[in-house]
Amino acid sequence: MIGNTIIKLQGADIFQEKHLVLSNVNLHIDKGDFVWLIGATGSGKSSLLKVIYGDINITNGEGHAGGYDLKKLTQKDVPFLRRKLGIVFQDFQLLTDRSIEDNLRFVMQATGWTDKNLITERTLDVLEKVGLRSKVKKMPHELSGGEQQRVVIARALINDPEIILADEPTGNLDPDTSEEIVMLLKQISQSGTAVLIATHDYHIIRTFPSRIIKCETGKVLEDVQIA
Ligand SMILES: Nc1ncnc2c1ncn2[C@@H]1O[C@H](COP(=O)(O)OP(=O)(O)OP(=O)(O)O)[C@@H](O)[C@H]1O
């Protein structure tokens, strides 16, 4: 990928099984961008994210993410692509049977980290970034919902991703905590990691105005305004 481009889709058609969900998708996300992704239920937001993290292949058009050609992506490439992406999804929650430290270590070991000292250092480093260094020994249930979501973000930062993909990251949080989480994601984008957030929460979008893309009637609309 050239220069600062992290995601680039050009004329991509996105299918779920045989069903064409989004056609002729053009999308460009650069280093440090902060982008909202909106659209009604079933409009294709998750399908678009799935293309970016290599869960759905594209056959028509062009697509690149994190330096990978999404058209030529093989099963072997997927774990390497995912190391360039930080994923903050509802269904990627913390493992409840182990401490915060062990949750982070689990992901590090699964992604090739072996040196114990480096693992400890990186654990504290990412927890520091989300303001939770002091909670390293706690169990998930000892943390509030917002703190748990911060740990999920810390976990997403472990491999220094080029972009964070967040699907409804504030879905289960109260308004104040939601603002804190989005503020954190905004700060992360300002340090160079792009952030793409799928949400139905227009209030939070108005609080943090930024570029908006929208899935609607089988298309991805760029630079949308909301009322
Ligand atoms: N595995 C699948 N097989 C076939 N069709 C699917 C599959 N998954 C999703 N779809 C269809 O693809 C379309 C887009 O779904 P998608 O999950 O991308 O929407 P979404 O915008 O993320 O919705 P939500 O806001 O509810 O999460 C829907 O019509 C859905 O029914």
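Remember, predicted model here, so these are calculated numbers, not experimental data.

As for the overall build of the protein chain
Helices and strands together make up the secondary structure of the protein chain, namely seven helices and ten strands. Against the 2.2 N^0.38 benchmark of 17 Å for 227 residues, the protein chain shows a C-alpha radius of gyration of 17 Å, consistent with a compact globule. For the protein chain, the spread of C-alpha atoms along the three principal axes comes to 45 × 40 × 35 Å. Buried positions account for 35% of the 227 residues belonging to the protein chain. In the protein chain, the share of contacts with a sequence separation of at least 24, taken over all contacts with a separation of at least 6, comes to 66%.

Notes on the sheet that holds strand β5 (residues 68-69)
Adjacent strands of a sheet form backbone hydrogen bonds with each other and so pair up, either parallel or antiparallel. On the basis of which strands lie adjacent, the open sheet formed by four strands has the order β2-β1-β4-β5 and antiparallel pairing. A single partner strand is all that each edge strand has here, and the edge strands are β2 (19-30) and β5. Of the strand pairs in this sheet, strand β4 (residues 62-65) and β5 are connected by two bridges, and their pairing is antiparallel. Within β5, the position partnered with H64 by the bridge is D69. Of the strands in this sheet, β1 (5-16), β2 and β4 touch helix α1 (residues 45-52), which is tilted by about 120 degrees from β1.

Some thoughts on helix α3 (residues 100-110)
Taken together, the buried positions of α3 are I100, N103, L104 and M108. The arc enclosing the buried residues of α3, seen along the axis, measures out at 135 degrees, which places them on a common side. The exposed residues of α3 that point more than 90 degrees off its buried face are Q109 and A110. After α3 finishes, the residue G112 shows a positive phi value of roughly 95 degrees.

Considering the pairing of strand β7 (residues 163-167)
The buried fraction of β7 amounts to five of the five residues, a majority that puts the element mostly inside the structure. By the alternation rule, side chains of β7 split into I163, L165 and D167 and I164 and A166, which are all buried. Strand direction decides the pairing type here: strand β6 (residues 85-88) and β7, joined by four bridges, are parallel. Looking across to β7, one finds that I87 is bridged to L165. Where β7 lies against strand β8 (residues 194-198), five bridges are found, and the strand directions are parallel.

Some details on the packing of α3 against helix α4 (residues 116-129)
Across the interface, α3 lies against α4 with an axial gap of 10 Å and an inter-helix angle of 120 degrees. It follows from the interaxial angle that α3 and α4 lie oblique. As for how α3 packs across α4, the hand of that crossing is right-handed. Residues E101, L104, R105 and M108 of α3 pack against I119, R122, T123 and V126 of α4.

Observations regarding the domain arrangement of the protein chain
Parsing the protein chain into structural domains produces domain 1 (1-84 + 161-227) and domain 2 (88-157). The C-alpha centroid of domain 2 is placed 23 Å from the C-alpha centroid of domain 1. Counting residues at the interface gives 15 residues for domain 1, matched by twelve residues for domain 2. Listed by contribution, the elements that provide at least two residues to the side of domain 1 that touches domain 2 are β7 and α6 (175-190).

Some words on the nonpolar core
The biggest cluster of nonpolar side chains holds 54 residues, and the ones touching the most others in it are L37, L48, I163, I164, L165, V195 and L196. Broken down by element, the residue count for this core peaks at six residues, all from helix α5 (residues 145-157). Lining this core are residues from two domains, each supplying at least three of them: domain 1 (1-84 + 161-227) and domain 2 (88-157). In this structure I164 touches G86, V88, A156, L185, I188, T193 and V195, once residues within four positions along its chain are discounted.

Side note on the confidence of the model for the protein chain
Detailed reading of the predicted coordinates is not advisable wherever pLDDT falls low. Here the protein chain averages 94 in pLDDT, while 98% of its residues score no lower than 70. Predicted complex metrics record ipTM = 0.95 and pTM = 0.93.

Let's talk about the site of the ligand
The ligand sits among 13 residues. The nearest are Q16, T41, K45, S46 and S47. It is α1 that provides the largest number of residues to the shell around the ligand, a total of three residues. Classifying every residue of the shell around the ligand by side-chain character gives two nonpolar, nine polar and two charged.

Parameters at a glance
- For every chain, the first residue of the written sequence is number 1, and numbering continues from 1 onward in sequence order.
- Owing to the predicted nature of the model, reporting of local features is limited to residues with pLDDT of at least 70; listing and counting of side-chain atom pairs is limited to 80 or more, with chain, interface and lining totals taken over all residues.
- Helix and strand labels come from DSSP, where a helix needs a run of H or I of at least four residues and a strand needs a run of E of at least two; each type is numbered from the N terminus.
- As a reference, a globule follows 2.2 Å times the number of residues to the power 0.38, and the radius of gyration itself is taken over C-alpha atoms.
- Here a residue counts as buried when 20 or more other C-beta atoms sit within 10 Å of its C-beta, as exposed when there are 12 or fewer, and as partly exposed otherwise, the C-beta atoms being derived from the backbone.
- Any pair of residues counts as being in contact when their C-beta atoms, constructed from backbone geometry, are within 7 Å of one another.
- Note: two strands are recorded as paired if DSSP finds a minimum of 2 bridges between them.
- Every angle, taken between N-to-C directions, lies between 0 and 180 degrees, and every axis is a line fitted to C-alpha atoms, over only the stretch in contact when it is a helix.
- Here, the arc refers to the directions that run from the helix axis to the C-beta atoms.
- Throughout, the term roughly parallel applies to angles under 35 degrees, roughly antiparallel to angles over 145, roughly perpendicular to angles from 65 to 115, and oblique to all others.
- For any helix crossing, the convention is left-handed if the near helix is rotated counterclockwise from the far helix by under a right angle, and right-handed if that rotation is clockwise.
- The domain boundaries here were taken from an automatic or database domain assignment.
- We define a nonpolar core as a collection of buried residues of the types Ala, Val, Leu, Ile, Met, Phe, Trp, Tyr and Cys that are connected via C-beta atoms lying within 7 Å of each other.
- pLDDT: the predictor's confidence for each residue, scored from 0 to 100.
- We count a residue as near a molecule or strand when its backbone-placed C-beta atom lies within 6 Å of that partner.
- Asp, Glu, Lys and Arg are counted as charged, while Ala, Val, Leu, Ile, Met, Phe, Trp, Tyr, Cys and Pro are counted as nonpolar; the rest, among them Gly, fall into the polar class.

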